[in-house]
Every structure is written in C-alpha cells, then in structure tokens.
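Breakdown of the fold
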Amino acid sequence: MPDIRLEPVLTETHDSAELFRPASGSTYIYGLSHEDRSGHISAWRDLTTDVNCIEISQESQASFRASGIEVELFLRSTRGLSRLFEGCAQGERIYVDITGLTHPVWAAILRAALMARFDVLAVYVEPSQYARSLAPVDGQIYDLSMRIAGIAPIPGFTWISTSPSDFVFVPLLGFEGTRLRHVIEQVQPSAGRVVPVIGVPGFKPWYVFETYAGNRAALEEEDAWEATEYVPANCPFSCYYMLQQIAQRNPLVILKVAMIGTKPHALGAVLFAITNPQKIELIYDHPIRKPGRTGGADRLYVHHISAIAAGVSPPQPTQISA
C-alpha cells in the first residue's frame, strides 16, 4: 500500500447520503439508474431553488441527453459538452455525481468541466450490499453484469502506442473475475508485467477476500499474486498516486489500466489519464449492468478533484516508444 501521508486526499465523507447537500449556487449533474443509491438526490432536489440540477439520460458509448438541452450531446465533442455549462460563471462549483452514470459519460463530463476551469467535485455513494449469485461459480460470486459489450476506447481518452507489446498491465480489480479473464485475453500482457490493484480496505471489511476469491484463477495463471498493490476502495486520490508510482517505476513504457473495479478507482485512473495522457491507456469492457445489482445506500463521498487536475487542457498524445 502506498504511503500517502504527505499527499493530499481531499474527500468529504458523509456517513449517510441523506446528510449531503450541494453548495448554494452550484450546478449538480447526475443520472438515475436501477440502483437505490442513485436516487439519493430526491431528498433535496425538489426543495432546492439555488442549485442548478441537470439530469443525464439515454446514455450510450458515444452520447447522452441532458435535461434542458434539446439536442443529443456527443462524448467526443468538446463544443457539445460545453453546453452543459452554459450560464455557469468562471470557477463555479460543478458537482458530477458518478453514482448513477456510466463510465464513458461521467469521464467525458469531468474532463470537459476540468478543461473549462470550473471547481469540479465528484460525488459517489456506496451501496449497502451487492446481489449475490444464486449459483456462484469461479469468478462470479456476485450477480452484477448481464454481459460484456466489449472492449472499446473511452471517448476522449484514446491512446495508441508505438510498442503495443511493451506495457505494464494494471487491472483495478472488483469481484468479477470473468471480466478480468476477458480483458487479459484481449490485452495479452507479458509475463511479469501485471500489477493488480485491490481495494484495501474495501467498502466492507470482507470484500478484500471476495475480491481475491473472484479473481483467483486469473491471478494464478498470470502469476501476479506477489505484484499486487493495495489502495482504499473508496479513494480515487490513493489510486491516482499508486498509478503515479507504478509509472515512475516503469518510465519507458505505458500503463494499460483496466477499470473493472470500484468507481472511485476508475475515477483515479481517469484523473491520471487527464494529467498524464502519454503514460496511460484506459481499458474498459463496457459491462451491461443487471437491474437490482446493488441494494441500499451507505456513505457518500465528495471528491475535490480540481485539487489534482484543475484547468487541465490535455495536449494531443504524442507517440512514445521504449
């Protein structure tokens, strides 16, 4: 586990999602899903008159729609995404609630908001529980995904290396070992070039053991046990710093980071990609989530991500070779 005592971890923790209220005069961007925890804003949305709430709907791998905007917004269009912030003052506080949004959508919105130099915060709510599989098999303890749509780039975060065979593979692990196996088959990492990252502590104390159990077969096949790194499951900043350390240990190659674990870890990877576009390629398999995959809502986190990446305007990636 990295020593982060001297690094900023700017996160507000609310023991219950019901205790949170966004700052007056801010903009709050969110989406609703089948999960209970994505509906936490109902406790304050209809009673608040000084917060501009924007609901995201009809998400796809390429676009989405937003309340108050008639046209479809495309994830690769910086100009189109800027319409979300029309009427927002320079430096205004923008909350992006990633709880109910898909990875491609929240990643694109966060990137656009940071490039526009707003004060950007990411909100995330832990689930109380995950749905267990009624017939558990190796790599599938929990019943979370119906299928995998397939590995495809996150719009705005595409990277092509001149030496695709020379990289360090960093899977951010969750419970679904089947997803890890699928990504490994597609990415084909070299022996000794796999550095798994596991959330310790997890949202619940026992989740670390279930993460190991779910991914056991793939970790054994890749002989990656001893290379495992640990960062708190709920902390994007710790994940960011860990990726930074792994990159520093491997200065001549890129990192291929598979976002198959917690959303806070995925957020850390996205922040690293925004600030270090030449060092990382994001790998995502676009799972189709099952309705009822989680139940309830526990702690709510507000991550002050502008502290890491405020006003970043990522340059066009330049090719590097080992």
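A short tour of the structure in this document, coming up.

The rules we used
Residues numbered from 1 in each chain as written. Predicted model: local features only at pLDDT ≥ 70, side-chain atom pairs only at ≥ 80, totals over all residues. Heavy atoms only, no water. Core = buried A, V, L, I, M, F, W, Y, C linked by side-chain atoms within 4.5 Å. Buried < 20%, exposed > 50% of the residue type's maximum accessible area, 1.4 Å probe, protein only. Helix = DSSP H or I, 4+ residues; strand = E, 2+ residues; numbered from the N terminus. Contact = heavy atoms within 4.5 Å. Pairing = 2+ DSSP bridges. Salt bridge = Lys/Arg side-chain N within 4 Å of Asp/Glu carboxyl O.

Structural notes on the nonpolar core
Counting residues in each nonpolar core, the largest one holds 68 residues, and the members touching the most others are Ile56, Phe64, Leu84, Phe85 and Trp106. If you tally residues by element for this core, the top one is helix α2 (residues 103–115), at nine residues. When sequence neighbours within four positions are dropped, the list of residues in contact with phenylalanine 85 reads Ile29, Ile94, Ile109, Ala112, Ala113 and Phe118. Counting residues in each nonpolar core, the second largest holds 18 residues, with Leu173, Leu180, Val194 and Val208 among its members.

Thoughts on the sheet that holds strand β6 (residues 93–97)
A sheet is described by the order of its strands in space; here eight strands give the open sequence β1-β19-β7-β6-β2-β3-β4-β5, paired in mixed fashion. Both edges of this open sheet fall to β1 (11–14) and β5 (73–74), since each of them pairs with a single strand only. Here three bridges tie strand β2 (residues 27–31) to β6, and the two strands are oriented parallel to one another. Its bridge partner being in β6, threonine 27 is matched across the sheet by isoleucine 94.

A word on the pattern of salt bridges
All chains considered together, the criterion is met by 12 salt bridges. When the shortest N-O distance is used, the salt bridge between arginine 249 and glutamate 229 registers 3.2 Å. Of this pair, arginine 249 sits in helix α5 (residues 236–249) while glutamate 229 sits in strand β14 (residues 229–231), placing them 20 residues apart in sequence. Since its relative accessible area comes to 46%, arginine 249 is described here as partly exposed. According to the relative accessible area criterion, glutamate 229 is buried, its value standing at 16%. Overlapping salt bridges bring together Glu176, Arg179 and Asp285 as one network.

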